[in-house]
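# Working through the structure, step by step
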Amino acid sequence: MTNRQDPHLATPSGKPRARSFGLPFDGEPGPNNAITDVPGVTVGYATLISGDGALVSGSGPVRTGVTAILPRPRDRIAEPVFAGIFSGNGNGELTGSHLIEEIGAFNLPITITNTHSCGVARDGTLRWAHGLAPGALDDAWALPVAGETYDGFLNDINGHHLTFDHVTAALDGASPGPIEEGSVGGGTGMITCAFKAGSGTASRLVGWEGRRYALGVFVQSNFGERRNLTVRGVRAGPELAEPAIREGTARAEKSSIIAIVATDAPLMPHQLKRIARRVPLGVAATGGYGYHSSGDIFLAFSTANAEAATGASGRLAHAEYVPDVDIDRFFDATVQATEEAILNSLTANEDMTGRDGNHVPALPKDWLRTRFREETSSAIR
């Protein structure tokens, strides 16, 4: 089986994932090593790349997009999922968060895009939902979840190039199975530790009392300083001063990471909040320390207990859940999958030049191959 055929080693287009470089990871990944290993969860993208040269606001260059994550199949998208959120550093936005804090659930898709298009993604989701089920919102309301990270170093962020049609395309294109990573969707213009990053995902299988559950993480990764970059315990930053970012315009520090955790394990809202609180541990394992301007916002949801999450009036709701005393294995899976998802966003990537000649290099693949071959050889000796 070649790397292109193995979803653990390459994306559908053949971009290398972190495991293809021999990086050792903990835990057991799902068949796609992606958030889509959770049954019913699908992911879609709209990617916008056009233009070069000097910034002309409203014209480009454009390096942006939107990501859509559907927690349930389209014909069940109005069914709520239990959920919990955690803000590791609140210099960012996740719409619908107040409702999640209040009732521990949400419905409709999640979208992630750039900071100045977050409202378009949110409102585009409402338009899409109205088209999918005309009349369903005539006497109702909805508060879709939309997140953002900043891509203004590479993208004409004030040109507002994302449209409702792009949001619809991402939602309609959401699919199961292996998904693309790197500079796609909302991750198109994103940077991590001064290397090109963006969209990344990973999953873990968790056994409990004879049952097997999937837990998947999706990140829009856009955080950190080069000096702090850590790859599986190796302090890579000091070894990788080059290649450096080239600044046609001064690069302000406006970093963030949005992470979505999905699972089919039966967990209650308070447990999902606890899961979301473990995401920063995976971020820290790669060198993210939650600096002042970084919006580090994390959402976890469970596709189990659909009837209880809906909570029909007039009768008791019944839910199953893993007891708190047994939740540690899900914490492990969250930290492991978060770390790998971030590294996948870096490895499945290439150099990118955007507005004003601003240039962001990819994480050097030769360094990865050499460094981790040496690590493996040392471990064997």
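So, a few notes on the structure that sits alongside this text. (Residues numbered from 1 in each chain as written. Predicted model: local features only at pLDDT ≥ 70, side-chain atom pairs only at ≥ 80, totals over all residues. Heavy atoms only, no water.)

### A few points about the overall build of the protein
Along the backbone of the protein there are seven helices and 16 strands. In summary, the protein has a C-alpha radius of gyration of 20 Å against a globular reference of 21 Å for 381 residues, a match within 12%. With the C-alpha coordinates of the protein rotated into their principal frame, the extents come out at 65 × 55 × 40 Å. Taking contacts inside the protein between residues at least 6 apart in sequence as the whole, the part at least 24 apart equals 79%. Here the protein displays about 15,000 Å² of accessible surface, and carbon together with sulfur accounts for 51% of that area. Across the protein, 33 positive and 42 negative side-chain charges occur, with their mean positions spaced 4 Å apart. (Helix = DSSP H or I, 4+ residues; strand = E, 2+ residues; numbered from the N terminus. Rg over C-alpha atoms; globule rule 2.2 N^0.38 Å. Contact = heavy atoms within 4.5 Å. Areas by Shrake-Rupley, 256 points an atom, 1.4 Å probe, with all protein chains shown as cover. Lys, Arg positive; Asp, Glu negative; His and termini not counted. Charge placed at Lys NZ, Arg CZ, Asp CG, Glu CD.)

### Brief notes about the packing of helix 2 (residues 118-132) against helix 3 (residues 164-172)
Relative orientation of the contacting elements helix 2 and helix 3 amounts to 65°, with a least axis distance of 9 Å. The handedness of the crossing between helix 2 and helix 3 is right-handed. Along the contact surface, helix 2 presents Val120, Ala121, Asp123, Gly124, Thr125, Arg127 and Trp128, while helix 3 presents Phe164, Val167, Thr168, Leu171 and Asp172. Across the contact of helix 2 with helix 3, the residue classes break down as six nonpolar, three polar and three charged. (Axes fitted to C-alpha atoms, helices over the stretch in contact; angles between N-to-C directions. Left-handed = near helix turned anticlockwise from the far one by under 90°. Nonpolar A, V, L, I, M, F, W, Y, C, P; charged D, E, K, R; others polar.)

### Here we look at the sheet that holds strand 5 (residues 110-114)
Sheets are built from strands that pair by backbone hydrogen bonding, the pairs being arranged parallel or antiparallel. Read across the open sheet, the four strands follow the order 1-2-5-6; overall the sheet is mixed. With one partner strand each, in any of the chains shown, strand 1 (42-50) and strand 6 (145-149) form the two edges of the open sheet. Averaged over neighbouring strand pairs, the angle between their axes works out to 15° when direction is ignored. Relative to strand 2 (residues 62-70), strand 1 runs antiparallel, the two being bridged by nine bridges. Paired with threonine 47 across the strands is glycine 65, a residue of strand 2. Each of strand 2, strand 5 and strand 6 touches helix 2; the most contacted strand, strand 5, lies at about 150° to it. Strands strand 1, strand 2 and strand 5 of the sheet are contacted by helix 3, whose axis makes an angle of about 45° with strand 2. (Pairing = 2+ DSSP bridges.)

### A word on the side chain of glutamine 220
The residue glutamine 220 is located in strand 10 (residues 211-222) in this model. Within the structure, glutamine 220 has its side chain in polar contact with the side chain of threonine 149 (distance 2.8 Å). Within polar-contact distance, the side chain of glutamine 220 engages the backbone nitrogen of glycine 187 at 3.4 Å. Once residues within four sequence positions are removed from consideration, glutamine 220 is found in contact with Thr67, Ile112, Thr113, Glu148, Thr149, Gly186, Gly187, Met190, Gly198, Ser256, Ile257 and Ile258. (Polar contact = N/O pair within 3.5 Å; in protein donor to acceptor, adjacent residues only side chain to side chain.)

### Quick look at helix 4 (residues 269-284)
The end-to-end C-alpha distance of helix 4, which contains 16 residues, comes to 24 Å, matching closely the 22 Å that a straight helix rising 1.5 Å per residue would cover. Taken residue by residue, helix 4 has Gln271, Leu272, Lys273, Ile275, Ala276, Val279, Gly282 and Val283 as its buried positions. Turning to helix 4, the residues buried within the fold contact strand 3 (81-90), helix 1 (97-103), strand 13 (256-263), strand 14 (295-302) and helix 6 (328-347). (Expected span 1.5 Å × (residues − 1). Buried < 20%, exposed > 50% of the residue type's maximum accessible area, 1.4 Å probe, protein only.)

### Looking at the environment of proline 266
Looking at the secondary structure, you find proline 266 in the loop between strand 13 and helix 4. Residue class for proline 266 comes out buried when judged on its relative accessible area of 6%. In sequence terms proline 266 and alanine 304 are 38 residues apart; their C-alpha atoms lie 5.1 Å from each other.

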